[in-house]
Amino acid sequence: MAKRGHGEEEILRVLREAESGDTVVEVCRKHGISQQTFYLWKKKYAGLGLQELRELRQLREENAKLKRLVADLSLDRHILQEIIAKNCKASCATRAGGVGASCPCLEPAAGGKAGRRSA
(Lines give C-alpha, C1' and ligand atoms only; values in the text may rest on other atoms or scores of the structure.)
Protein backbone atom coordinates (compact mmCIF):
# COMPACT_ATOMS: atom_id res chain seq x y z
CA MET A 1 0.00 0.00 0.00
CA ALA A 2 1.30 3.46 -0.86
CA LYS A 3 2.47 5.76 1.89
CA ARG A 4 -0.14 8.37 2.73
CA GLY A 5 1.28 11.85 2.56
CA HIS A 6 -0.17 14.70 4.54
CA GLY A 7 -1.61 17.56 2.54
CA GLU A 8 -0.47 21.15 2.77
CA GLU A 9 -3.65 22.19 4.52
CA GLU A 10 -3.26 19.51 7.17
CA ILE A 11 0.36 20.44 7.87
CA LEU A 12 -0.52 24.10 8.29
CA ARG A 13 -3.54 23.24 10.45
CA VAL A 14 -1.39 21.17 12.79
CA LEU A 15 1.23 23.92 13.09
CA ARG A 16 -1.41 26.60 13.71
CA GLU A 17 -3.13 24.50 16.39
CA ALA A 18 0.14 24.22 18.27
CA GLU A 19 0.71 27.96 17.94
CA SER A 20 -2.78 28.71 19.28
CA GLY A 21 -2.02 27.26 22.68
CA ASP A 22 -2.63 23.51 22.48
CA THR A 23 0.27 21.40 23.66
CA VAL A 24 2.37 19.60 21.07
CA VAL A 25 1.51 16.23 22.63
CA GLU A 26 -2.25 16.89 22.32
CA VAL A 27 -1.96 18.11 18.73
CA CYS A 28 0.16 15.12 17.71
CA ARG A 29 -2.22 12.66 19.36
CA LYS A 30 -5.23 14.33 17.75
CA HIS A 31 -3.77 14.14 14.23
CA GLY A 32 -2.01 10.79 14.61
CA ILE A 33 1.54 12.02 14.02
CA SER A 34 4.69 11.68 16.05
CA GLN A 35 6.35 14.55 17.84
CA GLN A 36 9.35 14.10 15.55
CA THR A 37 7.10 14.67 12.55
CA PHE A 38 5.62 17.76 14.15
CA TYR A 39 9.00 19.31 14.87
CA LEU A 40 10.25 18.38 11.41
CA TRP A 41 7.24 20.15 9.87
CA LYS A 42 7.78 23.10 12.18
CA LYS A 43 11.42 23.35 11.13
CA LYS A 44 10.60 23.11 7.42
CA TYR A 45 7.32 24.97 7.10
CA ALA A 46 7.08 27.50 9.95
CA GLY A 47 6.14 30.91 8.61
CA LEU A 48 4.99 29.68 5.21
CA GLY A 49 1.54 30.30 3.84
CA LEU A 50 -0.55 27.73 2.00
CA GLN A 51 0.39 29.04 -1.46
CA GLU A 52 4.09 29.14 -0.62
CA LEU A 53 3.93 25.60 0.75
CA ARG A 54 2.28 24.35 -2.45
CA GLU A 55 4.89 26.09 -4.61
CA LEU A 56 7.68 24.58 -2.50
CA ARG A 57 6.25 21.08 -2.93
CA GLN A 58 5.87 21.58 -6.70
CA LEU A 59 9.45 22.83 -7.00
CA ARG A 60 10.75 19.83 -5.07
CA GLU A 61 8.82 17.43 -7.32
CA GLU A 62 10.10 19.18 -10.45
CA ASN A 63 13.65 19.10 -9.11
CA ALA A 64 13.38 15.36 -8.45
CA LYS A 65 12.14 14.76 -12.02
CA LEU A 66 15.01 16.79 -13.45
CA LYS A 67 17.56 14.87 -11.38
CA ARG A 68 16.16 11.57 -12.67
CA LEU A 69 16.30 12.90 -16.23
CA VAL A 70 19.95 13.94 -15.85
CA ALA A 71 20.83 10.55 -14.39
CA ASP A 72 19.11 8.72 -17.27
CA LEU A 73 20.84 10.86 -19.89
CA SER A 74 24.22 10.43 -18.23
CA LEU A 75 23.76 6.67 -18.22
CA ASP A 76 22.73 6.69 -21.90
CA ARG A 77 25.80 8.78 -22.77
CA HIS A 78 28.11 6.40 -20.89
CA ILE A 79 26.62 3.35 -22.63
CA LEU A 80 26.96 4.99 -26.06
CA GLN A 81 30.60 5.87 -25.38
CA GLU A 82 31.33 2.25 -24.48
CA ILE A 83 29.66 1.05 -27.69
CA ILE A 84 31.66 3.51 -29.77
CA ALA A 85 34.89 2.44 -28.10
CA LYS A 86 34.18 -1.25 -28.76
CA ASN A 87 33.24 -0.59 -32.39
CA CYS A 88 36.33 1.54 -32.91
CA LYS A 89 38.64 -1.09 -31.44
CA ALA A 90 37.04 -3.79 -33.59
CA SER A 91 37.32 -1.78 -36.80
CA CYS A 92 40.93 -0.78 -36.08
CA ALA A 93 41.86 -4.40 -35.32
CA THR A 94 40.43 -5.61 -38.64
CA ARG A 95 42.18 -2.79 -40.55
CA ALA A 96 45.51 -3.45 -38.81
CA GLY A 97 45.23 -7.12 -39.58
CA GLY A 98 45.19 -8.62 -36.13
CA VAL A 99 44.95 -8.38 -32.42
CA GLY A 100 47.38 -6.21 -30.51
CA ALA A 101 47.30 -3.27 -32.87
CA SER A 102 46.74 0.05 -31.17
CA CYS A 103 43.63 2.03 -31.93
CA PRO A 104 44.64 5.47 -33.22
CA CYS A 105 41.12 6.89 -32.95
CA LEU A 106 41.13 6.37 -29.16
CA GLU A 107 44.59 7.81 -28.55
CA PRO A 108 44.70 11.43 -27.45
CA ALA A 109 45.43 13.84 -30.26
CA ALA A 110 47.62 16.88 -29.73
CA GLY A 111 45.47 19.29 -27.71
CA GLY A 112 42.45 16.98 -27.84
CA LYS A 113 40.77 14.60 -25.43
CA ALA A 114 41.11 10.84 -25.40
CA GLY A 115 38.27 8.90 -26.93
CA ARG A 116 37.49 11.37 -29.69
CA ARG A 117 38.12 10.96 -33.35
CA SER A 118 39.97 13.67 -35.19
CA ALA A 119 38.39 15.05 -38.33
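Predicted model, so just to flag it, every value in this text is computed and none were measured.

Draft legend 1. Summary view of the overall build of the protein. The secondary structure content of the protein amounts to four helices and zero strands. Reading the helices (α) and strands (β) of the protein from amino to carboxyl end gives α-α-α-α. When contacts within the protein are restricted to residue pairs at least 6 apart in sequence, long-range pairs at least 24 apart make up 39% of them. Accessible surface for the protein amounts to roughly 9,500 Å². Of this, 55% is attributable to carbon and sulfur atoms.

Draft legend 2. Summary view of the packing of aromatic side chains. Counted under the stated rule, the structure contains one aromatic pair. Centroid distance Phe38 to Tyr39: 5.2 Å. Interplanar angle 80°. Geometry classified as edge-to-face. Residue class for Phe38 comes out buried when judged on its relative accessible area of 2%.

Draft legend 3. Local environment of a nonpolar patch on the surface. There is a patch of nonpolar side chains on the surface, built from Leu75, Ile79, Leu80 and Ile83 and spanning about 360 Å² of accessible area. Mapped onto the secondary structure, Leu80 falls in helix 4 (residues 50-96).

Draft legend 4. The arrangement of the nonpolar core in detail. Ranked by size, the top nonpolar core spans 13 residues in total, and within it Val14, Leu15, Ile33, Phe38, Trp41 and Tyr45 carry the most contacts. Sorting the residues of this core by element identifies helix 1 (8-19), helix 2 (24-31) and helix 3 (35-45) as the ones contributing at least two each. With sequence-adjacent residues up to four places away left out, Val14 is seen in contact with Val27, His31, Ile33, Phe38 and Trp41.

Draft legend 5. Region of the structure containing the pattern of salt bridges. In the structure shown here, the tally under the stated rule is three salt bridges. For Arg54, the salt bridge goes to Glu9, with nearest N and O atoms at 2.1 Å. In this pair, Arg54 is assigned in helix 4 and Glu9 in helix 1, connecting sequence segments 45 residues apart. By relative accessible area, Arg54 is classed as partly exposed at 30%. Its relative accessible area of 36% is what places Glu9 among the partly exposed residues. A salt bridge links Lys30 to Glu17; the nearest nitrogen and oxygen atoms lie 3.6 Å apart. One end of the pair, Lys30, is in helix 2; the other, Glu17, is in helix 1, and 13 residues separate them in sequence. A relative accessible area of 59% means that Lys30 is categorised as exposed. We classify Glu17 as buried; its relative accessible area is 13%.

The rules behind each value
Residues numbered from 1 in each chain as written. Predicted model: local features only at pLDDT ≥ 70, side-chain atom pairs only at ≥ 80, totals over all residues. Heavy atoms only, no water. Helix = DSSP H or I, 4+ residues; strand = E, 2+ residues; numbered from the N terminus. Contact = heavy atoms within 4.5 Å. Areas by Shrake-Rupley, 256 points an atom, 1.4 Å probe, with all protein chains shown as cover. Phe/Tyr/Trp six-rings, centres within 6.5 Å; stacked < 30°, edge-to-face > 60°. Buried < 20%, exposed > 50% of the residue type's maximum accessible area, 1.4 Å probe, protein only. Patch = residues over 30% accessible without salt bridge, like charges linked within 9 Å, V, L, I, M, F, W, Y side chains within 5 Å. Salt bridge = Lys/Arg side-chain N within 4 Å of Asp/Glu carboxyl O. Core = buried A, V, L, I, M, F, W, Y, C linked by side-chain atoms within 4.5 Å.

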